[in-house]
Amino acid sequence: MIPKYIDSVQVKEILTWPLVNAAVEEALKAIDYSERDAANSEQSYKQQPSRTITTGGNASKLLLTMPGYVGNYNALNAKTNNDQLHCSSTLACKVVTSFTNNQNLQPPLPNILANVLLFDINTGELQCIMEGTQITAWRTAAASIVATKYLYMKRFPQQFQTPIKLAIIGCGVQGQSHALGMCATFNVSEIYLWNRTQSKADDLALKLQKLYLQNSMKIFVTKTPAEAVREAAVICIGTYSPNALINYDMLKSGDVHINTVGAGAVHFGEVSQDIYDNAVVYVDSLINARTELKDLKANIIGEIGQVIREDRRTENKCLTIYQSLGMAAEDATVAQAVYNAL
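All residue numbers refer to position in the chain's written sequence, counted from 1. Side-chain atom pairs in this predicted model are given and counted only at pLDDT of 80 or more, local residue features only at pLDDT of at least 70, and totals for whole chains, interfaces and linings cover all residues. Each side-chain value is derived from all of the structure's non-hydrogen atoms; neither hydrogens nor water enter the calculation.

(A) Focus on the pairing of strand 2 (residues 52–55). Should DSSP find at least two bridges between two strands, the strands are taken to pair. A run of H or I in DSSP counts as a helix once it spans at least four residues, and a run of E counts as a strand once it spans at least two, with each numbered from the N terminus. Bridge analysis of strand 2 against strand 3 (residues 61–76) gives 4 bridges, and the strand direction is antiparallel. Paired with Thr 54 across the bridge in strand 3 is Leu 63. Between the end of strand 2 and the start of strand 3, which pair antiparallel, lie 5 residues, with Gly 57 showing a positive phi angle near 110°.

Rendered as structure tokens:
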């Protein structure tokens, strides 16, 4: 078998937020590291082991390998462009690099570059090499969207119709994908954008204005993170900052949900300890959390997958955090959806 190569242009033509959100929700639901069921947890570990991380000389250059299997899940049929579901299984491995200085190159490159390998589920032959940088950006934002749906939106009777005020802290690749995905999925009434270099926030604001010209959504570019989160009910923060950009006193009172997808040497550095002290935390993968969040002092309740399966939270805390680490299962289901659409 000669593997098919699918480039970023082909991938981008197929990706839609309903398709990616559905694929990622299935991936999150499929993985269960619940300590209530040791057999289930062991099986999930074999299907979704912890990633390996190799440094390329220093912590600013990382190579990650992320294998994963998702079996018997419901997938949308992208070819028919409707909600028809079919049963699918996927075996894949994502190989991703995180080079934090890429943005300073001329011309700049994305800090995160990836390829996804898809294997024939029956023979193990390599079916496809797929450019995965777009998939990484979309599936990470989709995981935050799914977490927001189950940890925040389900607090309200109208759910998707409920207007929300959204803050985006960091307007790079992840900030852009989170802003676009959130606005495409939820009823965002106001969006506040902050970036260390304001021009990136201005560029994202312009893109949103063009997309939502006919909407009543209000778009603000702020001078500080504090201004951005002051009125926000949902906060998405995705930077390389090792130091806290937001703290508890900046947040509004009442229900607040934070999606944090920070990368770099410290995954959780961009959110202050006093926020974690007052919040409950959910992750996508407990097995990765035990390694990559071992120094985080926080009340980690469990995986978002359990909330999806049970369709309810196990607590009623007003302040929730989705601490995104990223799983190969998410890449696998999205890549499979792209492959099936061709």
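(B) Quick peek at the nonpolar core. Ranked by size, the top nonpolar core spans 69 residues in total, and within it Met 130, Ile 191, Leu 193, Leu 208 and Ile 304 carry the most contacts. Of the residues forming this core, the biggest block, 11 residues, is contributed by helix 4 (residues 133–151). Contacts: residue pairs with any heavy atoms within 4.5 Å of one another. Residues in contact with Met 130, not counting those within four places in the same chain, are Ile 6, Val 11, Ala 114, Asn 115, Val 116, Leu 118, Ile 135, Ala 335, Val 338 and Tyr 339. Within the second largest apolar cluster, 28 residues are counted, among which are Val 256, Val 271, Ala 279 and Leu 319. Within this scheme, the nonpolar core is defined by two criteria: the residues are buried Ala, Val, Leu, Ile, Met, Phe, Trp, Tyr or Cys, and they are joined through side-chain atoms within 4.5 Å. Here the term buried applies to any residue with accessible area under 20% of the maximum for its type, exposed to any over 50%, and partly exposed to those in between, with areas from a 1.4 Å probe on protein chains only.

(C) Just the packing of helix 2 (residues 17–30) against helix 11 (residues 328–341), in detail. For helices, the fitted line uses only the C-alpha atoms of the stretch in contact; every axis is such a line through C-alpha atoms, and the angle between N-to-C directions lies from 0 to 180 degrees. For the pair helix 2 and helix 11, interaxial distance at closest approach is 8 Å and the crossing angle is 140°. Our classification of the angle between helix 2 and helix 11 gives oblique. The hand of the helix 2/helix 11 crossing is right-handed. Two secondary-structure elements touch here, helix 2 through Leu 19, Val 20, Ala 23, Val 24, Ala 27 and Leu 28 and helix 11 through Ala 329, Glu 330, Thr 333, Val 334 and Ala 337. Under the scheme applied here, ten amino acids are nonpolar (Ala, Val, Leu, Ile, Met, Phe, Trp, Tyr, Cys and Pro), four are charged (Asp, Glu, Lys and Arg), and all others, including Gly, are polar. Here the contact of helix 2 with helix 11 is composed, by residue class, of 9 nonpolar, 1 polar and 1 charged. The cut-offs work like this: below 35 degrees is roughly parallel, past 145 is roughly antiparallel, 65 to 115 is roughly perpendicular, and the gaps in between are oblique. Two helices that cross are described as forming a left-handed crossing if the nearer one is turned anticlockwise from the farther one by less than a right angle, and a right-handed crossing if clockwise.

(D) A look at the pattern of salt bridges. The term salt bridge refers to a pairing of a side-chain nitrogen on Lys or Arg with a carboxyl oxygen on Asp or Glu at a separation within 4 Å. Using the criterion set out here, one finds 12 salt bridges in the structure. One salt bridge in this structure joins Asp 295 and Lys 294, with 3.6 Å as the shortest N-O distance. The two residues Asp 295 and Lys 294 agree in class, both being exposed. Here Glu 310 ties to Arg 312 by a salt bridge, and the two come within 3.9 Å at their closest N and O atoms. Each of Lys 94, Arg 139, Glu 330 and Asp 331 takes part in salt bridges that share partners, so that together they form one network.

(E) Looking closely at the domain arrangement of the protein. As annotated, the domain borders come from an automatic or database domain assignment. Annotation of the protein at the domain level lists domain 1 (4–135 + 330–341) and domain 2 (137–327). The straight-line distance from the C-alpha centre of domain 1 to that of domain 2 is 21 Å. Taken together, the contact pairs 33 residues of domain 1 with 36 residues of domain 2. Here the quantity called buried area is the total loss of accessible area, with a 1.4 Å probe, experienced by two parts when brought into contact, counted for both. For the pairing of domain 1 and domain 2, the buried interface totals around 3,000 Å² over both sides, and the portion due to carbon and sulfur atoms is 57%. Our enumeration of links across domain 1 and domain 2 arrives at 4 salt bridges. Note that Arg 139 is salt-bridged to Asp 331, the shortest N-O span being 2.9 Å. Those elements that provide at least two residues to the side of domain 1 that touches domain 2 are helix 2, strand 4 (85–99), helix 4 and helix 11. Tallying contributions element by element places helix 2 first for the side of domain 1 that touches domain 2, with 8 residues. Across the side of domain 1 that touches domain 2, the residue classes tally to 14 nonpolar, 10 polar and 9 charged.

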